[in-house]
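# Architecture at a glance
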Amino acid sequence: MLTKKQMENFAELAVLVGANMQPKQEVVIRCDVQCADFAHLIAEKAYKFGAKRVHIEWLDEVLDRIEVQRASKRTLSKVPEYKTAQYKYFIKHKVCLIAISAENPNKFKGCKADKIEARQLAILKSRKDFRNATMSNYLRWTIISIPTKAWASQVFPDVSPEEAVDKMWDAIAHIMRLDTVEPTAAWQGHIATLHRRADFLNKHNFEYVHMRNARGTDLKVGLATDHQWIAAEEEGQDGIPFTANMPTEEVFTAPHNRKINGKVVNALPLVNNGNVIDNFSITFKDGKVVDYKAEVGYEALKAILSSDEGVLSLGEIALIGRNSPIAESGILFYNTLFDENASCHLAFGASYPTTTKDGNSLTLEQLAERGMNQSIQHVDFMVGTKDMDIDGITYDGKVVPLFRNGEWVI
Ligand code: ZN
Ligand code: ZN
């Protein structure tokens with residue numbers, strides 16, 4: 001369990017390092033009703049550091065489940081206008097977003113896949129402009145996590161829900177560097193290491209990244225023209241830095257959506273929309289998925305890959321060493337924020353415009369020309385294993401080792 005002081009440090013990290021809220025700014029906290037206490041602490045800190053107004057966009061995963069069980073598919077396919085209107089307000093008033101991700105990975109267990117998918121697509125569409133505003137760094141944003149009983153019980157099924165929450169807090173304290181004397185300073189040091197690696201990768205301007213391991217992954221991921229590797233701290237369009245994911249261990253960029261070839265096998269389960277997909281492999285040719293298999297959750301994988309045309313290619317490649325505190329914890333969180341920071345990953349769907357030079361000032365056509373993938377989806381899946389080797393290959397064919405046995409060698 002965290003001390004009161006550690007809890008306060010955590011809330012301050014979210015406001016100051018994560019979203020890097022500026023005085024007189026409006027803040028949106030997006031969180032489940034189960035996380036109300038911590039959301040209130042963040043609100044308290046935001047006002048302390050000069051927020052003009054704090055909004056809370058309440059989520060309610062218990063209601064979500066009731067809705068999927070009881071409402072018609074037609075109802076689920078539409079999002080009420082007042083919800084869409086609030087996103088317009090958020091963009092207009094240039095809020096910063098602090099999202100608390102604490103979803104029960106099994107919240108839709110046993111529910112009908114087509115209803116879950118219809119609901120999810122409707123939500124994605126209603127949030128589209130707001131999501132574009134965050135993905136393009138027009139708005140600064142951050143995602144953090146805290147345990148809930150429902151979620152912690154999935155992660156630690158052998159102990160009581162209360163104990164599970166305690167155990168998860170302990171893990172999060174370490175992963176978030178809240179157990180150090182000066183968490184903010186610890187974060188600054190960590191961010192500097194990640195930036196050094198991103199600089200190395202950018203200097204080489206690799207044409208391909210080649211990943212392989214004993215599970216059967218042998219994948220050549222071409223990188224978008226004028227791609228940029230990004231890590232930890234990014235810059236908002238207004239020039240103010242922020243840290244989108246806390247924790248973050250990744251150095252990532254955009255694949256070229258016509259230059260991906262080979263096969264990739266997942267390393268950790270993919271939890272999406274309350275479904276678990278596992279033991280799956282994907283085969284790519286010239287940037288497109290041409291074949292896929294899954295021993296667990298095939299229908300859910302199929303649903304993801306049917307969302308639109310762009311979801312059949314990749315929008316992100318991210319590199320994470322096996323010695324990151326999350327990977328070392330050995331805990332499977334069933335939550336992307338943690339699990340994607342435990343393992344090298346790829347994402348089906350949209351790329352981040354910021355991962356190509358001046359990406360935010362390019363048209364969709366110009367982005368497409370560079371191989372930047374577009375989709376309404378962005379679904380991360382974990383592929384990094386302890387035996388993974390990764391090389392960078394330059395345009396003139398030079399091979400530079402980046403990972404050996406799952407860890408950085410640069
Ligand atoms: Zn990522
Ligand atoms: Zn991602």
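Heads up: the structure comes first, above all this text.
Here is a short report on the structure shown in this document.

Thresholds applied
- Residues numbered from 1 in each chain as written.
- Chains lettered and ligands numbered in written order.
- Predicted model: local features only at pLDDT ≥ 70, side-chain atom pairs only at ≥ 80, totals over all residues.
- Heavy atoms only, no water.
- Helix = DSSP H or I, 4+ residues; strand = E, 2+ residues; numbered from the N terminus.
- Rg over C-alpha atoms; globule rule 2.2 N^0.38 Å.
- Buried < 20%, exposed > 50% of the residue type's maximum accessible area, 1.4 Å probe, protein only.
- Contact = heavy atoms within 4.5 Å.
- Areas by Shrake-Rupley, 256 points an atom, 1.4 Å probe, with all protein chains shown as cover.
- Lys, Arg positive; Asp, Glu negative; His and termini not counted.
- Charge placed at Lys NZ, Arg CZ, Asp CG, Glu CD.
- Donors = N, O, S within 2.8 Å, 3.2 Å for Na, K, Ca; no water.
- Tetrahedral: all angles 85-135°; square planar, octahedral: opposite > 155°, others 65-115°.
- Axes fitted to C-alpha atoms, helices over the stretch in contact; angles between N-to-C directions.
- Parallel < 35°, antiparallel > 145°, perpendicular 65-115°, else oblique.
- Left-handed = near helix turned anticlockwise from the far one by under 90°.
- Salt bridge = Lys/Arg side-chain N within 4 Å of Asp/Glu carboxyl O.
- Pairing = 2+ DSSP bridges.
- Core = buried A, V, L, I, M, F, W, Y, C linked by side-chain atoms within 4.5 Å.
- Expected span 1.5 Å × (residues − 1).

Before going further, it helps to examine the overall build of the protein. Helix and strand counts for the protein come out as 14 helices and 20 strands. On C-alpha atoms alone, the protein measures out to a radius of gyration of 20 Å, which is about the 22 Å that the 2.2 N^0.38 rule sets for 410 residues. Projected onto its principal axes, the C-alpha positions of the protein cover 55 × 50 × 50 Å. Looking at the protein as a whole, 57% of its 410 residues qualify as buried. In the protein, 75% of the contacts between residues at least 6 apart in sequence involve partners at least 24 apart. Within the structure as shown, the protein displays about 17,600 Å² of accessible surface, and the carbon and sulfur contribution to it stands at 50%. If you average the places of the 49 positive and of the 53 negative side-chain charges in the protein, the two averages end up 4 Å apart.

The protein atoms that coordinate the zinc ion (ligand 2) are E316 (OE), H378 (NE2), D380 (OD) and D380 (OD), at distances spanning 2.0 to 2.7 Å. Given four donor atoms and angles of 53 to 146° at the metal, the environment of the zinc ion (ligand 2) is assigned as irregular. As a motif over one chain, the donors of the zinc ion (ligand 2) read E-x61-H-x1-D. The zinc ion (ligand 1) is placed at 3.4 Å from the zinc ion (ligand 2), the two being bridged by E316.

Our next topic: the coordination of the zinc ion (ligand 1). Protein coordination of the zinc ion (ligand 1) is provided by E250 (OE), E316 (OE) and H345 (NE2), with donor distances spanning 1.9 to 2.2 Å. Here the donor residues of the zinc ion (ligand 1) are spaced in sequence according to E-x65-E-x28-H.

This part covers the packing of helix α1 (residues 4-18) against helix α2 (residues 36-48). Close contact between α1 and α2 brings their axes to 9 Å; oriented N to C, the two are set at 60°. Judged on the interaxial angle alone, α2 and α1 are oblique. The hand of the α1/α2 crossing is right-handed. Contacts between α1 and α2 involve M7, E8, F10, A11, E12 and V15 from the former and F38, L41, I42, K45, A46 and K48 from the latter.

Applying the stated criterion to the full structure yields 22 salt bridges. Note that E8 and K45 form a salt bridge whose closest N and O atoms lie 3.4 Å from each other. Separated by 37 residues along the polypeptide, E8 in helix α1 and K45 in helix α2 bring together distant segments of the chain. The salt bridge involving E67 is made with R119; its shortest N-O contact spans 3.1 Å. One end of the pair, E67, is in helix α3 (residues 61-70); the other, R119, is in helix α6 (residues 113-126), and 52 residues separate them in sequence. Given the relative accessible area of 31%, E67 is considered partly exposed. Overall, R119 belongs to the buried group, its relative accessible area being 8%. Residues joined by salt bridges that share partners form a network here, namely K4, E8, E12, K45 and K48.

Turning our eyes to something else, we now look at the sheet that holds strand β2 (residues 53-59). Taken in spatial order, the four strands of this open sheet run β2-β1-β3-β4, and their pairing is parallel. Either end of the sheet is taken by a strand with one partner, and the two such strands are β2 and β4 (141-144). Here the strands of the sheet are splayed against their neighbours by 15° on average, with no regard to which way each runs. Two strands pair when backbone bridges link them, and strand β1 (residues 26-32) and β2 are joined in this way by seven bridges, in the parallel orientation. Residue pairing across strands places R30 opposite E57, the latter belonging to β2.

With that settled, the discussion passes to the nonpolar core. Residues F10, F38, I100, M211, L319 and F348 are the most contacted members of the largest nonpolar core, which totals 97 residues. The element that contributes the greatest number of residues to this core is helix α9 (residues 161-175), accounting for eight residues. Once residues lying within four places of it in the same chain are set aside, the contact partners of F38 are M7, F10, A11, I100, I144 and I146. Membership of the second largest hydrophobic core comes to eleven residues, among which are V28, Y87, F130 and L139.

Before going further, it helps to examine helix α5 (residues 81-92). An ideal rise of 1.5 Å per residue puts 16 Å on twelve residues; α5 measures up with 17 Å between its terminal C-alpha atoms. Positive phi appears at K94, one or two residues downstream of α5, with a value of about 45°.

With that settled, consider α1. Between its first and last C-alpha atoms α1 spans 20 Å; for 15 residues at 1.5 Å apiece the expected length is 21 Å, and the two agree. Of all 15 residues in α1, eleven are buried, a share of seventy percent or more. Among the residues of α1, Q6, M7, N9, F10, A11, E12, L13, A14, V15, V17 and G18 are the ones counted as buried. Next to the buried residues of α1 lie α2, β3 (96-100), β4, α9, α10 (183-204) and β9 (241-243).

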